[in-house]
Amino acid sequence: MRSGVAPKIVAVALAVLCAAACSSTPKAEKPDAGPPTGNRGNDGYALADTPFTRKGSVITATCSIGARAAAVSVQAWNPDGWQPLDERMFDIPASAAFTNYPGVEAVNSPLVDLCRQSTDRPSPYRLDDLEHLSPRIRALFDLGFTRMAVVFREPDGKATHAGSVASGDPQGDAVAPSGTTSNDEQNAAMAPDGRSVWFTYTNPAGEQRIGSRAVEGDQKLTDEGPAAGHELPLTVSGKPPRAIQADMVRVSPNGRRFTGFAPKVFGRIFDAADSSIALTGKSASNATLVRDCVGIVGWISDAQVLCRAPSGSFQVADAHSGDPVGASIDVVDADDGTVAEGMVVSADGKHFIAAVHIPNDPYGEPGQRPDLRVVPTNPGGEMIPISNDSLSAETVFLAWL
(Lines give C-alpha, C1' and ligand atoms only; values in the text may rest on other atoms or scores of the structure.)
Protein backbone atom coordinates (compact mmCIF):
# COMPACT_ATOMS: atom_id res chain seq x y z
CA MET A 1 0.00 0.00 0.00
CA ARG A 2 1.20 3.48 -0.74
CA SER A 3 1.16 5.04 2.71
CA GLY A 4 2.73 3.96 5.96
CA VAL A 5 0.99 1.62 8.31
CA ALA A 6 0.81 4.08 11.22
CA PRO A 7 -1.65 6.57 9.65
CA LYS A 8 -3.99 3.72 8.77
CA ILE A 9 -3.87 2.33 12.30
CA VAL A 10 -4.69 5.75 13.71
CA ALA A 11 -7.59 6.18 11.29
CA VAL A 12 -9.01 2.77 12.11
CA ALA A 13 -8.51 3.33 15.85
CA LEU A 14 -10.35 6.64 15.72
CA ALA A 15 -13.23 5.02 13.86
CA VAL A 16 -13.42 2.27 16.49
CA LEU A 17 -13.35 4.79 19.33
CA CYS A 18 -16.12 6.73 17.68
CA ALA A 19 -18.23 3.61 17.24
CA ALA A 20 -17.83 2.82 20.92
CA ALA A 21 -18.38 6.35 22.17
CA CYS A 22 -21.37 7.40 20.09
CA SER A 23 -24.59 7.12 22.03
CA SER A 24 -26.56 5.66 19.16
CA THR A 25 -26.03 3.85 15.90
CA PRO A 26 -26.92 5.73 12.71
CA LYS A 27 -30.43 4.75 11.68
CA ALA A 28 -31.08 2.99 8.43
CA GLU A 29 -32.76 5.22 5.87
CA LYS A 30 -34.63 4.73 2.65
CA PRO A 31 -32.40 4.32 -0.41
CA ASP A 32 -33.63 7.64 -1.82
CA ALA A 33 -32.93 9.55 1.40
CA GLY A 34 -30.94 12.74 1.05
CA PRO A 35 -31.37 16.49 0.95
CA PRO A 36 -34.57 17.76 -0.71
CA THR A 37 -32.81 19.71 -3.47
CA GLY A 38 -32.87 16.76 -5.85
CA ASN A 39 -30.22 15.34 -8.15
CA ARG A 40 -26.86 17.04 -7.79
CA GLY A 41 -25.03 14.52 -9.94
CA ASN A 42 -23.44 15.19 -13.30
CA ASP A 43 -26.24 13.80 -15.50
CA GLY A 44 -27.30 17.32 -16.44
CA TYR A 45 -24.21 17.88 -18.57
CA ALA A 46 -24.39 17.13 -22.29
CA LEU A 47 -21.21 15.35 -23.35
CA ALA A 48 -19.85 14.61 -26.80
CA ASP A 49 -19.90 10.91 -27.66
CA THR A 50 -16.28 9.77 -27.41
CA PRO A 51 -14.52 6.71 -25.95
CA PHE A 52 -13.85 8.91 -22.89
CA THR A 53 -17.57 9.38 -22.21
CA ARG A 54 -19.03 6.17 -23.62
CA LYS A 55 -20.73 3.67 -21.37
CA GLY A 56 -18.47 0.72 -20.54
CA SER A 57 -15.13 2.45 -21.13
CA VAL A 58 -12.40 2.28 -18.50
CA ILE A 59 -10.24 5.42 -18.15
CA THR A 60 -6.64 5.45 -16.94
CA ALA A 61 -3.94 8.08 -16.46
CA THR A 62 -0.15 7.75 -16.52
CA CYS A 63 2.50 10.45 -16.03
CA SER A 64 5.66 10.28 -18.14
CA ILE A 65 8.71 12.32 -17.17
CA GLY A 66 11.57 12.74 -19.62
CA ALA A 67 14.81 14.69 -19.54
CA ARG A 68 13.21 17.83 -20.94
CA ALA A 69 9.44 17.37 -20.80
CA ALA A 70 6.61 15.78 -18.84
CA ALA A 71 3.16 14.73 -19.96
CA VAL A 72 0.09 12.88 -18.79
CA SER A 73 -1.45 10.20 -20.98
CA VAL A 74 -5.16 9.56 -20.47
CA GLN A 75 -6.41 6.40 -22.18
CA ALA A 76 -9.85 4.91 -22.76
CA TRP A 77 -9.99 1.11 -22.72
CA ASN A 78 -12.40 -1.60 -23.78
CA PRO A 79 -12.52 -3.95 -20.76
CA ASP A 80 -13.42 -6.83 -23.07
CA GLY A 81 -9.90 -7.82 -24.05
CA TRP A 82 -8.25 -4.69 -22.63
CA GLN A 83 -7.43 -2.93 -25.86
CA PRO A 84 -7.01 0.86 -25.93
CA LEU A 85 -9.76 2.81 -27.67
CA ASP A 86 -8.24 6.29 -27.66
CA GLU A 87 -5.56 8.39 -26.01
CA ARG A 88 -5.27 12.04 -25.03
CA MET A 89 -2.01 13.72 -24.13
CA PHE A 90 -1.67 16.61 -21.72
CA ASP A 91 1.72 18.25 -22.03
CA ILE A 92 2.75 19.69 -18.69
CA PRO A 93 4.19 23.22 -18.98
CA ALA A 94 7.57 23.82 -17.38
CA SER A 95 5.94 26.28 -14.97
CA ALA A 96 3.41 23.70 -13.73
CA ALA A 97 4.06 21.96 -10.42
CA PHE A 98 4.21 18.22 -11.03
CA THR A 99 6.90 17.54 -8.43
CA ASN A 100 8.08 19.06 -5.16
CA TYR A 101 11.75 19.71 -4.54
CA PRO A 102 13.89 21.86 -2.20
CA GLY A 103 14.01 25.61 -2.73
CA VAL A 104 10.48 26.10 -4.07
CA GLU A 105 7.03 26.35 -2.57
CA ALA A 106 5.70 22.85 -1.90
CA VAL A 107 2.46 22.28 -3.79
CA ASN A 108 -0.45 20.11 -2.79
CA SER A 109 -1.78 18.75 -6.07
CA PRO A 110 -2.95 15.30 -7.20
CA LEU A 111 -0.70 15.84 -10.23
CA VAL A 112 2.30 15.58 -7.88
CA ASP A 113 0.88 12.25 -6.70
CA LEU A 114 0.41 11.00 -10.26
CA CYS A 115 3.93 11.97 -11.35
CA ARG A 116 6.02 10.97 -8.32
CA GLN A 117 6.36 7.32 -9.48
CA SER A 118 8.21 6.18 -6.37
CA THR A 119 7.42 5.63 -2.72
CA ASP A 120 10.71 7.40 -1.97
CA ARG A 121 9.04 10.64 -3.01
CA PRO A 122 6.46 11.61 -0.40
CA SER A 123 2.87 12.28 -1.33
CA PRO A 124 1.67 15.85 -0.79
CA TYR A 125 -1.25 14.39 1.18
CA ARG A 126 -1.55 12.44 4.43
CA LEU A 127 -2.66 9.16 2.88
CA ASP A 128 -2.02 7.73 -0.54
CA ASP A 129 -3.56 4.30 -0.78
CA LEU A 130 -5.23 3.67 -4.13
CA GLU A 131 -8.67 4.28 -2.61
CA HIS A 132 -7.43 7.81 -1.86
CA LEU A 133 -5.29 8.30 -4.94
CA SER A 134 -7.76 7.40 -7.70
CA PRO A 135 -10.60 9.82 -6.85
CA ARG A 136 -8.38 12.84 -6.27
CA ILE A 137 -6.48 12.29 -9.53
CA ARG A 138 -9.85 11.89 -11.29
CA ALA A 139 -10.74 15.36 -9.99
CA LEU A 140 -7.95 16.86 -12.11
CA PHE A 141 -10.07 16.35 -15.24
CA ASP A 142 -13.46 17.43 -16.54
CA LEU A 143 -16.12 14.85 -17.36
CA GLY A 144 -14.97 14.49 -20.98
CA PHE A 145 -11.24 14.37 -20.14
CA THR A 146 -10.52 17.38 -22.36
CA ARG A 147 -8.82 19.63 -19.81
CA MET A 148 -6.53 19.05 -16.81
CA ALA A 149 -6.16 21.32 -13.77
CA VAL A 150 -2.64 22.33 -12.75
CA VAL A 151 -0.93 24.61 -10.26
CA PHE A 152 1.57 27.03 -11.80
CA ARG A 153 4.65 28.21 -9.94
CA GLU A 154 5.84 31.73 -10.60
CA PRO A 155 9.51 32.12 -11.69
CA ASP A 156 10.55 32.82 -8.09
CA GLY A 157 9.30 29.36 -7.13
CA LYS A 158 7.19 30.78 -4.32
CA ALA A 159 3.90 32.16 -5.62
CA THR A 160 1.41 29.60 -6.95
CA HIS A 161 -1.68 30.03 -9.14
CA ALA A 162 -4.29 27.54 -10.33
CA GLY A 163 -4.96 27.08 -14.04
CA SER A 164 -5.40 24.33 -16.61
CA VAL A 165 -4.04 22.77 -19.79
CA ALA A 166 -5.97 21.35 -22.72
CA SER A 167 -5.26 18.03 -24.40
CA GLY A 168 -3.86 17.78 -27.88
CA ASP A 169 -1.85 21.00 -28.00
CA PRO A 170 1.92 20.45 -28.28
CA GLN A 171 2.54 23.67 -26.39
CA GLY A 172 0.36 22.58 -23.49
CA ASP A 173 -2.22 25.33 -24.11
CA ALA A 174 -1.48 26.71 -20.66
CA VAL A 175 -4.31 28.81 -19.33
CA ALA A 176 -2.34 31.14 -17.09
CA PRO A 177 -4.63 33.07 -14.76
CA SER A 178 -4.78 36.84 -15.22
CA GLY A 179 -5.39 39.50 -12.60
CA THR A 180 -4.81 37.17 -9.65
CA THR A 181 -5.18 38.60 -6.15
CA SER A 182 -3.73 35.60 -4.32
CA ASN A 183 -0.21 34.19 -4.48
CA ASP A 184 -1.07 30.99 -2.63
CA GLU A 185 -3.37 28.75 -4.70
CA GLN A 186 -3.25 24.96 -4.51
CA ASN A 187 -5.34 21.80 -4.98
CA ALA A 188 -6.45 22.71 -8.52
CA ALA A 189 -9.43 20.65 -9.76
CA MET A 190 -11.64 20.96 -12.84
CA ALA A 191 -15.37 21.65 -12.95
CA PRO A 192 -17.38 18.87 -14.66
CA ASP A 193 -17.95 20.96 -17.80
CA GLY A 194 -14.30 22.05 -18.04
CA ARG A 195 -15.21 25.73 -18.01
CA SER A 196 -13.66 26.61 -14.67
CA VAL A 197 -10.82 25.53 -12.42
CA TRP A 198 -11.32 25.36 -8.65
CA PHE A 199 -8.70 25.56 -5.91
CA THR A 200 -7.90 26.40 -2.32
CA TYR A 201 -6.28 29.76 -1.67
CA THR A 202 -5.26 32.24 1.01
CA ASN A 203 -7.01 35.61 0.78
CA PRO A 204 -5.39 38.96 1.69
CA ALA A 205 -6.75 38.62 5.24
CA GLY A 206 -4.88 35.31 5.66
CA GLU A 207 -8.06 33.20 5.55
CA GLN A 208 -8.14 29.81 3.82
CA ARG A 209 -10.86 29.73 1.16
CA ILE A 210 -12.15 27.76 -1.83
CA GLY A 211 -12.08 29.70 -5.10
CA SER A 212 -12.79 29.26 -8.79
CA ARG A 213 -12.05 31.04 -12.04
CA ALA A 214 -13.10 30.59 -15.64
CA VAL A 215 -10.57 29.08 -18.01
CA GLU A 216 -11.53 31.56 -20.75
CA GLY A 217 -12.55 35.19 -20.81
CA ASP A 218 -12.71 36.97 -17.46
CA GLN A 219 -10.51 34.98 -15.10
CA LYS A 220 -11.39 36.95 -12.00
CA LEU A 221 -11.27 34.87 -8.83
CA THR A 222 -14.67 33.93 -7.44
CA ASP A 223 -14.83 33.05 -3.75
CA GLU A 224 -16.76 29.82 -3.18
CA GLY A 225 -16.56 29.38 0.60
CA PRO A 226 -14.29 28.40 3.50
CA ALA A 227 -11.46 25.88 3.09
CA ALA A 228 -9.63 23.73 5.63
CA GLY A 229 -6.15 24.81 4.60
CA HIS A 230 -4.31 23.12 1.72
CA GLU A 231 -3.86 19.63 3.19
CA LEU A 232 -7.02 18.12 1.71
CA PRO A 233 -7.78 17.94 -2.04
CA LEU A 234 -10.86 19.20 -3.86
CA THR A 235 -13.49 17.39 -5.89
CA VAL A 236 -15.95 19.41 -7.99
CA SER A 237 -19.28 17.90 -8.95
CA GLY A 238 -22.86 18.72 -9.83
CA LYS A 239 -24.71 21.31 -11.88
CA PRO A 240 -24.12 24.05 -10.96
CA PRO A 241 -20.70 22.85 -9.77
CA ARG A 242 -19.85 22.71 -6.09
CA ALA A 243 -16.61 21.71 -4.41
CA ILE A 244 -16.03 19.24 -1.60
CA GLN A 245 -12.72 19.50 0.24
CA ALA A 246 -11.95 16.07 1.63
CA ASP A 247 -10.05 12.94 0.76
CA MET A 248 -11.61 9.84 -0.83
CA VAL A 249 -14.53 11.80 -2.31
CA ARG A 250 -16.80 9.74 -4.52
CA VAL A 251 -20.25 11.12 -5.26
CA SER A 252 -23.20 8.71 -5.41
CA PRO A 253 -24.81 8.11 -8.82
CA ASN A 254 -27.77 10.34 -7.97
CA GLY A 255 -25.51 13.04 -6.55
CA ARG A 256 -27.22 13.15 -3.16
CA ARG A 257 -24.49 11.62 -1.00
CA PHE A 258 -20.73 11.34 -1.09
CA THR A 259 -17.96 9.36 0.54
CA GLY A 260 -15.21 11.34 2.20
CA PHE A 261 -12.45 11.31 4.76
CA ALA A 262 -11.09 14.18 6.85
CA PRO A 263 -9.20 14.26 10.15
CA LYS A 264 -11.43 14.45 13.23
CA VAL A 265 -14.57 13.78 11.18
CA PHE A 266 -16.28 10.58 12.28
CA GLY A 267 -18.12 9.00 9.40
CA ARG A 268 -17.39 7.95 5.84
CA ILE A 269 -20.61 8.80 3.94
CA PHE A 270 -22.44 12.14 4.08
CA ASP A 271 -25.31 14.05 2.55
CA ALA A 272 -24.32 16.46 -0.21
CA ALA A 273 -24.49 20.14 0.70
CA ASP A 274 -26.13 23.00 -1.17
CA SER A 275 -22.83 24.89 -1.34
CA SER A 276 -19.10 24.20 -1.55
CA ILE A 277 -17.77 22.85 1.74
CA ALA A 278 -14.65 21.72 3.52
CA LEU A 279 -15.58 18.47 5.25
CA THR A 280 -15.50 19.16 9.00
CA GLY A 281 -17.44 18.03 12.02
CA LYS A 282 -19.62 21.14 11.60
CA SER A 283 -20.29 20.82 7.86
CA ALA A 284 -20.75 17.02 7.77
CA SER A 285 -24.42 16.17 7.37
CA ASN A 286 -26.11 12.87 8.22
CA ALA A 287 -22.84 11.02 8.67
CA THR A 288 -22.68 7.24 8.32
CA LEU A 289 -19.81 5.34 9.91
CA VAL A 290 -19.17 2.24 7.79
CA ARG A 291 -17.97 -0.53 10.06
CA ASP A 292 -14.66 -2.32 9.44
CA CYS A 293 -13.87 -0.15 6.44
CA VAL A 294 -10.31 1.01 5.72
CA GLY A 295 -11.22 2.65 2.43
CA ILE A 296 -14.27 3.01 0.21
CA VAL A 297 -13.54 1.92 -3.35
CA GLY A 298 -16.77 3.22 -4.88
CA TRP A 299 -20.55 3.05 -5.12
CA ILE A 300 -22.32 -0.19 -6.00
CA SER A 301 -25.58 1.75 -6.27
CA ASP A 302 -27.15 4.78 -4.60
CA ALA A 303 -27.71 2.59 -1.55
CA GLN A 304 -24.50 0.54 -1.31
CA VAL A 305 -20.72 1.06 -1.34
CA LEU A 306 -17.73 -1.25 -1.67
CA CYS A 307 -15.18 -1.15 1.14
CA ARG A 308 -11.74 -2.59 1.73
CA ALA A 309 -11.72 -4.23 5.16
CA PRO A 310 -8.81 -4.28 7.64
CA SER A 311 -8.43 -7.99 6.89
CA GLY A 312 -7.58 -7.18 3.26
CA SER A 313 -10.82 -8.54 1.85
CA PHE A 314 -13.56 -6.38 0.33
CA GLN A 315 -17.10 -5.96 1.55
CA VAL A 316 -20.30 -4.44 0.20
CA ALA A 317 -21.93 -2.20 2.82
CA ASP A 318 -25.25 -0.43 3.22
CA ALA A 319 -24.65 3.29 2.65
CA HIS A 320 -27.23 4.39 5.21
CA SER A 321 -26.72 1.97 8.10
CA GLY A 322 -23.05 1.15 7.55
CA ASP A 323 -23.83 -2.56 7.95
CA PRO A 324 -22.18 -5.24 5.76
CA VAL A 325 -24.24 -6.76 2.97
CA GLY A 326 -23.51 -10.34 1.99
CA ALA A 327 -20.24 -12.24 2.32
CA SER A 328 -16.77 -10.76 2.05
CA ILE A 329 -14.89 -10.78 -1.26
CA ASP A 330 -11.39 -12.26 -1.15
CA VAL A 331 -8.87 -11.16 -3.77
CA VAL A 332 -5.66 -12.57 -2.28
CA ASP A 333 -4.95 -15.39 0.15
CA ALA A 334 -4.18 -14.31 3.69
CA ASP A 335 -0.78 -16.01 3.69
CA ASP A 336 0.56 -15.30 0.18
CA GLY A 337 2.46 -12.14 1.19
CA THR A 338 0.54 -9.70 -0.99
CA VAL A 339 -2.20 -7.11 -0.51
CA ALA A 340 -5.00 -5.95 -2.79
CA GLU A 341 -6.14 -2.37 -3.20
CA GLY A 342 -9.27 -1.27 -5.02
CA MET A 343 -9.26 1.58 -7.53
CA VAL A 344 -12.63 1.87 -9.27
CA VAL A 345 -16.06 0.22 -9.32
CA SER A 346 -17.89 -0.22 -12.62
CA ALA A 347 -20.88 2.06 -13.16
CA ASP A 348 -23.24 -0.93 -13.03
CA GLY A 349 -21.76 -1.97 -9.67
CA LYS A 350 -20.95 -5.50 -10.82
CA HIS A 351 -17.14 -5.37 -10.90
CA PHE A 352 -14.18 -3.48 -9.51
CA ILE A 353 -10.50 -3.25 -10.41
CA ALA A 354 -7.89 -4.26 -7.85
CA ALA A 355 -4.11 -3.94 -7.85
CA VAL A 356 -2.17 -6.70 -6.08
CA HIS A 357 1.36 -6.08 -4.79
CA ILE A 358 3.59 -6.74 -1.81
CA PRO A 359 2.83 -4.51 1.21
CA ASN A 360 4.04 -0.90 1.01
CA ASP A 361 5.54 -1.39 -2.47
CA PRO A 362 2.93 -0.70 -5.16
CA TYR A 363 5.53 0.09 -7.85
CA GLY A 364 7.60 -3.09 -7.62
CA GLU A 365 10.85 -3.60 -9.49
CA PRO A 366 11.56 -1.45 -12.58
CA GLY A 367 9.94 -3.02 -15.60
CA GLN A 368 7.87 -5.43 -13.53
CA ARG A 369 4.36 -5.93 -14.90
CA PRO A 370 1.58 -5.01 -12.48
CA ASP A 371 -0.84 -7.59 -11.13
CA LEU A 372 -4.23 -6.08 -11.99
CA ARG A 373 -7.52 -7.93 -11.71
CA VAL A 374 -11.19 -7.44 -12.51
CA VAL A 375 -13.11 -8.72 -9.49
CA PRO A 376 -16.87 -9.36 -9.27
CA THR A 377 -18.67 -7.59 -6.43
CA ASN A 378 -20.71 -10.76 -6.04
CA PRO A 379 -18.69 -13.03 -3.69
CA GLY A 380 -17.37 -16.19 -5.29
CA GLY A 381 -17.27 -14.87 -8.84
CA GLU A 382 -14.33 -15.42 -11.17
CA MET A 383 -11.49 -12.89 -11.15
CA ILE A 384 -10.04 -11.95 -14.53
CA PRO A 385 -6.44 -10.72 -14.90
CA ILE A 386 -5.84 -7.48 -16.81
CA SER A 387 -3.00 -7.76 -19.26
CA ASN A 388 -1.62 -5.14 -21.62
CA ASP A 389 1.97 -3.97 -22.03
CA SER A 390 0.83 -0.35 -21.92
CA LEU A 391 -0.34 -0.74 -18.32
CA SER A 392 2.32 -0.20 -15.68
CA ALA A 393 2.48 0.04 -11.91
CA GLU A 394 2.31 3.84 -12.32
CA THR A 395 -1.02 3.64 -14.18
CA VAL A 396 -3.95 4.93 -12.14
CA PHE A 397 -7.49 3.78 -12.97
CA LEU A 398 -9.80 6.78 -12.84
CA ALA A 399 -13.24 5.58 -13.93
CA TRP A 400 -15.27 2.69 -15.26
CA LEU A 401 -18.14 4.34 -17.08
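Residues numbered from 1 in each chain as written. Predicted model: local features only at pLDDT ≥ 70, side-chain atom pairs only at ≥ 80, totals over all residues. Heavy atoms only, no water.

(A) The pairing of strand S17 (residues 304-308), seen in detail. By the criterion of burial, S17 is predominantly enclosed, with four of the five residues buried. Across five bridges, strand S16 (residues 295-301) lies against S17 in antiparallel orientation. Among the inter-strand pairings, Gly 298 is bridged to a residue of S17, identified as Leu 306. The antiparallel pairing of S16 with S17 creates a hairpin that spans two residues between the two strands. As judged from the five bridges shared by S17 and strand S18 (residues 314-318), these two strands associate in the antiparallel manner. Bridge pairing links Cys 307 to Gln 315 in S18. Between the end of S17 and the start of S18, which pair antiparallel, lie five residues, with Gly 312 showing a positive phi angle near 100°. (Buried < 20%, exposed > 50% of the residue type's maximum accessible area, 1.4 Å probe, protein only. Helix = DSSP H or I, 4+ residues; strand = E, 2+ residues; numbered from the N terminus. Pairing = 2+ DSSP bridges.)

(B) Summary view of the sheet that holds strand S6 (residues 185-190). Across the sheet, which stays open at both edges, the four strands sit in the order S6-S7-S8-S9 with antiparallel pairing between neighbours. Two strands lie at the open edges of the sheet, namely S6 and strand S9 (222-226), each paired on one side alone. Between one strand axis and the next, the sheet turns through 25° on average, direction left out of account. Examined bridge by bridge, S6 and strand S7 (residues 196-202) share four bridges and lie antiparallel to one another. Bridged to Glu 185 within S7 is Tyr 201. (Axes fitted to C-alpha atoms, helices over the stretch in contact; angles between N-to-C directions.)

(C) Region of interest: the state of the cysteines. Applying the stated criterion across every chain, the model contains two disulfides. Between Cys 63 and Cys 115 runs a disulfide, and the two sulfur atoms are separated by 2.1 Å. Measuring the twist about the S-S bond at about 95°, one finds the Cys 63-Cys 115 disulfide to be right-handed. Pair noted here: Cys 63 is in strand S1 (residues 58-65) and Cys 115 is in helix H2 (residues 110-116), with a separation of 52 residues, a long-range link. (Disulfide = S-S within 2.5 Å.)

(D) Layout of the pattern of salt bridges. Counting across every chain of the model gives 14 salt bridges. The partner of Glu 131 in a salt bridge is Arg 308, with the nearest N and O atoms 2.5 Å apart. Of this pair, Glu 131 sits in helix H3 (residues 130-138) while Arg 308 sits in strand S17, and the two are 177 residues apart along the sequence. For the pair formed by Glu 131 and Arg 308, the shared burial category is buried. Across the pair Arg 257 and Asp 271 runs a salt bridge, and its minimum N-O distance is 3.0 Å. Note that Arg 257 is positioned in strand S13 (residues 257-261) and Asp 271 in strand S14 (residues 269-271), a separation of 14 residues in sequence. In this pair, the class of Arg 257 matches that of Asp 271, namely buried. Several salt bridges share partner residues, and in doing so they unite Asp 113, Arg 116, Asp 128, Arg 136 and Asp 247 into one network. (Salt bridge = Lys/Arg side-chain N within 4 Å of Asp/Glu carboxyl O.)

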